[in-house]
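Working through the structure, step by step
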Amino acid sequence: MELEALATHSVGTSNTGSDMTDIMVVDLESFVHVELDMENNGISEVGNNLSGLNEALFLNEEEEEEDEDESGDDSGTDHFNSEKSGTRLQRSERPAGGNSNVPDTFQTSHLLFYERFRAYQDYMLGDCKPSEVKAFAADYLEKVVEPCDWLALWSTDVFDVLVEVRDVDFKDLKACVRLVLPLQCDTRGCDLTEEAMKVLLGDSGDKVPLQQLQVVYVLSGDFDQTALAVEHLRFFYDHIWRQWDEEDEDDFDYFVRCVEPRLRLYYDILEDRVPAGLVAEYRSLLRSCSQCFQQFTVLRSGLSTDSDSELDNVSMVEGLQLYDQLETLRRKLHIFENPLLRYVLGYKGNVPQQCVQSRGPRPSGVKGVHVVTASCSSMQLQSLLSDRLLPLCCSEDTEIQFHRDPLSAVELCHEGDVVLVLPGVYTVSRSIFLPDSITVEGFGLPDEVVIEKKNKGDSFVESTGANVSLSNIKFIQHDAIEGILCVRQGTVHMENCVLQCETTGVIVRNSARLTMNMCDLYGSKGAGVEIYPGSVCSLVGNGIHHCKDGILIKDFADELDVMPSITMENNVIHNNEGYGVILVKANSGEQQGVPAEPSEDEPAGPADSQPGGSAALLSSSSSAQSESTEARPDSESSGTDAASSSGRKWHFNRQLSRSKEPSCSRAVQDLMQHQIFVSIQGNQFRRNGMGDFGTFFY
């Protein structure tokens, strides 16, 4: 009816000189008139009143949106209304200039995170258990996939062949297909004939996995839902599903436990939010786990349940060893797939992509002084000469070089050189590597000497030098993936610096040493300072604020590591979203150095009388764990229950900030007895969201 009205009007006005405005107004009136006849029972005429037309259009638009929502809920695929003509999906065209013999397909590989998230959560998987995944997926596909008579490309690593889908076996997630003749295919590294493809299809019973099909592009929109459903299935089995998932017990929600964290990790990697070292280690672990599972499966299938032969006994022992290895790899994968634990625990193989070798001393034996400035006044030059250059160049074995940016100066440094950065804002486009023992010093106040990094990269400054000094500089980080400063090896002395972070702040790796005095660090989306096992860290007189957590200490040393050694004196740690200081520990049955719980009637001393302020808690006991569990909200308790089902329990013990609770629950000497602290005194903690100190058991 609507199309007839539009067509009649178009014919009636084609020979007149009516302007486009008249045509559009009449079209809108006709459209509104028809819809109102259908929906509003009796309103047959709108007229030319502009306000009436706007009101009718507004009401009609709301009704259309409701219809689209209902249709989207029924389809389960991105809320497309199948009643509307025309596809909503883009075309995936073949590479230009190629000799492709196959038609184009739907472009479905660029879906956003929330689109896949909603499809899996609301339609495809819901609250299924691991053993129910295939059944839930089959039920979802049966509702939205066309059962027959559609064209698709059968795509493998070797070929793309045009086929016609004759039937769909939803239970086995396969499609019954036949070749479209004459044969239309693209091959990669081989030649395929029609006869060869018929034999190949015949061997598989003319059935191919649904995830190997790509729906051929059709303008009508009739196969949009089919293309999206097949894409969701393909993505799930390529990037979410693991071969060993079926081995898990059916006592947890598969979507919450596995699908959501793996989906988030996929998009974090895709959007460069995960350091390259972590990505490489995760993929290596995934390959190792797949190989181990395959070996375990082959060995398990070859065992006889009623045999007592020596060979079977040996195989049983090997199977147990493989199973233990598999469980270890799976626990590590779980760490990487968890957004929090990925950075807290995943640290072993995260090495820089670019390894810069130490240049050592100059062959001539002279020392270098590098002056960085774009321009300077005569007063600045005179002050520089009297205050720094003359004392540094008192010997004849010194040469002075001038640079326009700090990156070029650092790249030309040798062992023992000094870099003097004059006031100004310097922008660098890549990471600064410090492989030698050098000194980088700002000649002025930190807010006057600014080094800013804008391009993406794993870290801002990476130090591996034996003795590196940084002072009087403000570092500003943008678009980073890892920390603003990473001390991988050697020692870094930092004094009077300002660190404006983007992701993690300062990272002190295994066996590295950091001395950080009188610095201001803020803005980290992770921890302001991350301290790894085996490192030595001295923090004196610093301000650490407006971060996710202030200081994160990783005390989970294995047989190859030792505990970190930390000095914390006179720091002000405030306004952090989580804890001021959080300690990560292994959840072993025997906790060493755990102080006893004080009675509730025991008064706590005033803050000024305690050297550590409210730093009175950094330990917990098994009895305290049950108390903290009762204190947690339901959502946190349920998350703990889900984790405990697989043998891994995560517990938080917290102490309220002194701004919320005026008394300390433990004496400060209990904290000082902890082995990781050499000295902890004079620190101030204010307005930290989750408390001043917390312990995280894994």
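Residues numbered from 1 in each chain as written. Predicted model: local features only at pLDDT ≥ 70, side-chain atom pairs only at ≥ 80, totals over all residues. Heavy atoms only, no water.

Observations regarding the nonpolar core
Formed by 62 residues in total, the largest nonpolar core has its most connected members in Phe475, Leu499, Val506, Leu521, Ile551, Ile553 and Met568. Looking at which element gives the most residues to this core, the answer is strand β11 (residues 418-421), with four residues. With sequence-adjacent residues up to four places away left out, Leu499 is seen in contact with Phe475, Ile484, Met494, Val506, Met516, Asp520, Leu521 and Tyr522. Counting 53 residues, the second-largest nonpolar core is a separate cluster that includes Leu89, Val208, Phe235 and Ile240. (Core = buried A, V, L, I, M, F, W, Y, C linked by side-chain atoms within 4.5 Å. Buried < 20%, exposed > 50% of the residue type's maximum accessible area, 1.4 Å probe, protein only. Helix = DSSP H or I, 4+ residues; strand = E, 2+ residues; numbered from the N terminus. Contact = heavy atoms within 4.5 Å.)

Overview of the sheet that holds strand β33 (residues 677-681)
Across the sheet, 10 strands lie side by side as β10-β9-β11-β14-β17-β20-β23-β26-β29-β33; this open sheet has parallel pairing. Looking at strand neighbours, the two that pair on one side only are β10 (398-403) and β33, the edges of this open sheet. For this sheet, the mean angle separating the axes of adjacent strands, direction not counted, is 10 degrees. Of the strands in this sheet, β9 (367-372), β10, β11 and β14 (439-442) are in contact with helix α12 (residues 378-392), which crosses β11 at around 175 degrees. (Pairing = 2+ DSSP bridges. Axes fitted to C-alpha atoms, helices over the stretch in contact; angles between N-to-C directions.)

Some thoughts on the environment of Phe433
Following the sequence through the fold, Phe433 ends up in strand β13 (residues 432-434). Given a relative accessible area of 17%, Phe433 falls into the buried group.

Concerning the sheet that holds strand β21 (residues 498-500)
Read across the sheet, eight strands follow the order β12-β15-β18-β21-β24-β27-β30-β34 without closing on themselves; strand pairing throughout is parallel. The open sheet has two free edges, formed respectively by β12 (424-428) and β34 (684-686), since each of these has just one partner strand. Between one strand and the next, the sheet's axes are offset by a mean angle of 10 degrees, whatever the strand orientation.

Section: the side chain of Ser155
Turning to its location among the elements, Ser155 is positioned in strand β3 (residues 150-155). Among the residues examined, Ser155 registers a relative accessible area of 14% and is labelled buried. Here the side chain of Ser155 touches Asp160 through a polar contact of 3.0 Å, side chain to side chain. (Polar contact = N/O pair within 3.5 Å; in protein donor to acceptor, adjacent residues only side chain to side chain.)

Description of the pattern of salt bridges
Following the criterion strictly, the structure yields 23 salt bridges and no others. The residue Asp104 makes a salt bridge to Arg91 at a minimum N-O spacing of 3.3 Å. With Asp104 in the loop between β1 (90-92) and β2 (105-107) and Arg91 in strand β1, this pair connects stretches of sequence that are 13 residues apart. Here Arg91 falls in the partly exposed class, since its relative accessible area comes to 37%. Ionic pairing is found between Glu337 and Arg242, a salt bridge with its closest N-O pair at 3.7 Å. Residue Glu337 is located in helix α10 (residues 310-337), and its partner Arg242 is located in the loop between α7 (224-240) and α8 (254-270); the two are separated by 95 residues in the primary sequence. Look at Glu337 and you get buried, because its relative accessible area is 6%. The exposure class of Arg242 is buried, given its relative accessible area of 7%. Each member of the salt-bridge network shares a partner with another, and the members are Arg242, Asp245, Arg262 and Glu337. (Salt bridge = Lys/Arg side-chain N within 4 Å of Asp/Glu carboxyl O.)

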